Every structure is written in structure tokens, then in C-alpha cells.
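The lines below spell out each chain.
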Amino acid sequence: MSSREVPLPGTEATAQAPRSLHLPRQLFRLELPSEHTTSQDARPLLLTLGLPTFGLAFAITILTTYGPSVLLSLTHSPAKVGALIGGEGAFALAIPLISGALSDRMLGSGRYGPRLPFIVVGAPLAGAGLVLLPFAPDYQLAGVCILAFFIGYYIYYPPYRALYADLLPKRLLPRAQSSQAIMRGAGLGVALIAGGLLLSAWTPLPFVLGTATLGVSSFALRPVIHLQREVPPRRSDDDDEIENAGDLLLHHRGLQIFAVANAIWEYSFAGLKVFIVLYITKGLGKSASLASAFIAVVAVAYVVGAPIASRLAERFGIVRVMELSAMVYGALLCFGLFSTSVTPMMIVLPIGAIA
């Protein structure tokens, strides 16, 4: 069985060649891809890998979108609610560096691999915080629930994302990003559209469903974790100890620039999620049902754009596609400064979502 060397974490991943390369393919059979594995043959693995993305996106969207309605029943201060939900940013800055670095240092050790322990700890912690939030009797305990959710979420997320780099060759990464974006868009859209209906039926219902979705999608990783045992241990080109994420960020100029650009990108996307409803209802004076329709359009366009992006990236390169898409996306966001009616927004918004 052939194997190949794997570079630094988060870059190119490697795997051994499939043991049954010349045997008939079986539907949904998971096997390690090689440099010769086609996108079609890797589809079962990409689908399985992407399921937790759906669960995570669904869970965090339920919390950030409908959590404030629970918090406002416990405190009448919107500023306190905003501070509690906005605390996500602080956890996003600190915990991923810790969990990601610890996970990388565990490479090649342990019966269950370097990623599973963080998923096993993070998923129940996030799920417990989410499901207990609507039952919190006061603001302080609700804050503890949200704290638990964000800590669990960011313990879970970086090691889970690293599974893509562990298992997939670089050639398949654009397609992997596409499948993950589809799952993220689906989780976001389903949570935004269905969450309001569930909340009106029974306040805890969307939170309970979000916890169940996160648990089921995390359990789906079980065959992937078994598959990871076949991946040869990583080592850097000079056999020295791989730098942790903090060292790379402090000393690698290119990574610093990319981190700043990515932060700005995520800031714009997070702001769009939070304020799109207010823009339509308060800014344009339209109904909440119309805002839900806008969200549905964005979610569909998001899912449609993901596979298009992967094919363009395979043909023209990842960076070139990102640059052009960012320019289109930014230009169309600026259009919102001047729009005073719904019709132009309905035309422009899907294009921006695809970008």
C-alpha cells in the first residue's frame, strides 16, 4: 500500500491509497482517497465529513437568532443581551488556538486519533448549553448556558475542520469546501426558516431540535474516525516539531495577512446575518414574513453558489476565484446603502449570496 507525506496542519493532507482501488465500488463505502481518487468516488466521504457542519450551523444559528428572545424574557436590557450573544467573538479568538494546537500535538497518538477527544468533549458541552437555555430561570444561568455552548462549539470546531486536511489530498480541497459550504448553508437556512415556527409552537422546541441535530450529525463521524486510523503519521519536511497555530500566526507574515482578511470577511457575513432582518423590517418598513422570504432566498443562493465555486476554483485557482467573488460581494453590499425599496434588493441579494 502506498503512502505519502503530509505537510503542515491545515495545508495539504495525505492518505494511503484505497485498499480496494481495483474492486467494484460500493455505494456510500468510505475509503481513504489518493491522488488518483476522483471527486465522484470521494463523494461518500465528503458527504459524511460535511454532516457535522450542518449540525453546527443549525445549532449556532438557533442560538444566535432565537436565543435573544429567551434572554429578553429574563432581562429587559437589549445591551445585556447583545453583550452575551456577542461574546462569541471572544471565544472565537482564544479557544480555537488552544484546541487546534492541542489536537495537532496529538497526531499519531491515541487509540481514537487526535480529533475525536475534542469532538467528544465539545459536542455534549455545546448541546447541554443549547438545550438548557430556554429553561434557565434567570439571566445569570442563561449566561452560563451560552458560555457552555460557545466553549463546546469552539473546542469541537477546529479539530473537526482539521479532519479535512488529515484525510483529503490538496486536489480535492476545493470540492470539499464546496460540500461543506452546502451543508453550512442548508443548516443556516433550515434553522432560520423553521426556527420561528418551532419557537411559536413551544419555546424550547428549536433548542431541543438543535441539540438533537448536533448530536446525530456528530455521531455520523464515527466511520470517519475509524478511517483516520489508516492515515500515516504526519511529519514536517525537516522532521522538526511542527509549530503550533500561535507561533505560526505570530511569525508568518502571509498567515497574518490572511487572518486579517478572513476576519474582515467573517465580520461582514456575521453582520449580514444579524442585521438583514432589521434592515428589511426597520429600515425598509416591511413585514417579518418578507424578511423570512429574503432569508430563504439567501440560503438557496448560498447553496447554489457553493458547487459553482468549487468547479471554478478547480479550473482557475482558489485565490483568483476568491478575489473576484469578494469584489462582487463587497460591491453589492454597498448597494444596500442606497436602496430604498424591496425590488432592487430581491434582484441583487441572490447575486451577492452566490458571490
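As the structure is a computational prediction, the values presented were derived from the model and not from experiment.

A.B. asks: Any chance you could break down the nonpolar core for me, citing the residues and the numbers?
C.D. replies: Formed by 51 residues in total, the largest nonpolar core has its most connected members in L49, L133, F149 and Y160. Residue assignment for this core shows that the elements contributing at least two residues are helix 1 (43–72), helix 2 (78–86), helix 3 (88–105), helix 4 (116–132), helix 5 (139–167), helix 6 (173–201), helix 7 (205–219) and helix 8 (222–228). It is helix 5 that provides the largest number of residues to this core, a total of 15 residues. Once you skip the residues sitting within four places of it in the chain, L133 turns out to touch L63, G67, V70, L71, A142, C145, I146 and F207.

A.B. asks: Break down a nonpolar patch on the surface for me, citing the residues and quoting the values.
C.D. replies: A cluster of nonpolar side chains, L97, I98, L102, L249, L255, F258, I318, V319 and M322, forms an exposed patch at the surface whose accessible area comes to about 780 Å². Among the elements of the structure, helix 3, helix 10 (253–283) and helix 12 (318–335) are those that each provide at least two residues to the nonpolar patch. Judged by its relative accessible area of 52%, I98 is exposed.

A.B. asks: Could you give an account of the side chain of R175, naming the residues involved and the relevant values?
C.D. replies: Relative to the helices and strands, R175 resides in helix 6. Note on R175: relative accessible area 15%, which makes it buried. Once residues lying within four places of it in the same chain are set aside, the contact partners of R175 are S39, L46, S310, R311 and E314.

A.B. asks: Just give me the short version of the packing of aromatic side chains, but keep the residues and values in it.
C.D. replies: Counted by the stated rule, this structure contains 10 aromatic pairs. A centroid spacing of 4.9 Å and a plane angle of 80 degrees characterise the contact between Y153 and Y154, whose relative ring orientation is edge-to-face. The exposure class of Y154 is buried, given its relative accessible area of 8%. Aromatic side chains W265 and Y329 sit 5.0 Å apart centroid to centroid with 40 degrees between the ring planes, which places their arrangement in the tilted category. Taken together, the residues W265 in helix 10 and Y329 in helix 12 connect sequence positions 64 residues apart. For W265, a relative accessible area of 35% gives the class partly exposed. Here Y329 falls in the buried class, since its relative accessible area comes to 8%. Cluster of aromatic residues (ring-pair linked, three or more members): F149, F150, Y153, Y154, Y156, Y157, Y160 and Y164. Above the plane of the ring of Y139 lies K80, whose end atom (NZ or CZ) is 5.8 Å from the centre.

A.B. asks: I'd like to hear about the environment of A186, residue by residue, with values.
C.D. replies: Turning to its location among the elements, A186 is positioned in helix 6. For A186, a relative accessible area of 25% translates into the label partly exposed. In the structure, A186 is positioned 114 residues away from V300 in sequence and 8.0 Å away in space, judged by C-alpha atoms.

Cut-off values and rules
Residues numbered from 1 in each chain as written. Predicted model: local features only at pLDDT ≥ 70, side-chain atom pairs only at ≥ 80, totals over all residues. Heavy atoms only, no water. Core = buried A, V, L, I, M, F, W, Y, C linked by side-chain atoms within 4.5 Å. Buried < 20%, exposed > 50% of the residue type's maximum accessible area, 1.4 Å probe, protein only. Helix = DSSP H or I, 4+ residues; strand = E, 2+ residues; numbered from the N terminus. Contact = heavy atoms within 4.5 Å. Patch = residues over 30% accessible without salt bridge, like charges linked within 9 Å, V, L, I, M, F, W, Y side chains within 5 Å. Areas by Shrake-Rupley, 256 points an atom, 1.4 Å probe, with all protein chains shown as cover. Salt bridge = Lys/Arg side-chain N within 4 Å of Asp/Glu carboxyl O. Phe/Tyr/Trp six-rings, centres within 6.5 Å; stacked < 30°, edge-to-face > 60°. Lys NZ or Arg CZ within 6 Å of the ring centre and 35° of its normal.

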